[in-house]
Amino acid sequence: MGENDVQFCPSCGSIEIDESGLLTIGDPFMRDALVGWECLDCGYIGKDFFIVSKDEHMQILDEKYRNDLVYALV
């Protein structure tokens, strides 16, 4: 992961994530491969956390919230 990259939750878009606490023993690389990550904001756990540039992350959040707002108004 580059210095301008962020890893974020596919559920809520948060960058507040950590290794999943479901499996706490063994090799860290193997744990990540088996269990993945946990979002500290919404609690989502999975292996599909995205890594993109900070600019792409902001664009994705803009699109997500814009779509959520449109659906709320309909």
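Definitions and cut-offs
- Residues numbered from 1 in each chain as written.
- Predicted model: local features only at pLDDT ≥ 70, side-chain atom pairs only at ≥ 80, totals over all residues.
- Heavy atoms only, no water.
- Phe/Tyr/Trp six-rings, centres within 6.5 Å; stacked < 30°, edge-to-face > 60°.
- Helix = DSSP H or I, 4+ residues; strand = E, 2+ residues; numbered from the N terminus.
- Buried < 20%, exposed > 50% of the residue type's maximum accessible area, 1.4 Å probe, protein only.
- Pairing = 2+ DSSP bridges.
- Polar contact = N/O pair within 3.5 Å; in protein donor to acceptor, adjacent residues only side chain to side chain.
- Contact = heavy atoms within 4.5 Å.

Caption draft 1: Local environment of the packing of aromatic side chains. Enumeration over the complete set of coordinates arrives at two aromatic pairs. Look at F8 and F50: their rings are 5.5 Å apart centre to centre, the planes differ by 45°, and that puts the pair in the tilted class. Separated by 42 residues along the polypeptide, F8 in strand β1 (residues 5–8) and F50 in strand β5 (residues 50–53) bring together distant segments of the chain. Measuring from ring centre to ring centre gives 5.7 Å for Y44 and F49, while their planes differ by 45°; the resulting arrangement is tilted. Its relative accessible area of 7% is what places F49 among the buried residues.

Caption draft 2: Spatial organisation of the sheet that holds strand β3 (residues 37–39). Pairing is antiparallel across the open sheet formed by three strands, whose spatial order is β2-β3-β4. The open sheet has two edge strands, β2 (17–19) and β4 (45–46), and neither has a second partner. Judged from the three bridges that link them, β2 and β3 form a sheet pairing that is antiparallel. Within β3, the residue paired with I17 across the bridge is C39.

Caption draft 3: Representation of the side chain of S14. You can see S14 is positioned in the loop between β1 and β2. Of the polar contacts made by the side chain of S14, one reaches the side chain of D41; its length is 2.5 Å. Once you skip the residues sitting within four places of it in the chain, S14 turns out to touch Q7, F8, C9, C39 and D41.

Caption draft 4: Representation of the side chain of H57. Considering the arrangement of structural elements, one finds H57 in helix α2 (residues 54–73). According to the relative accessible area criterion, H57 is buried, its value standing at 7%. Ignoring anything within four residues of it in the chain, the contact list for H57 reads V6, F8, G13, I15 and V52.

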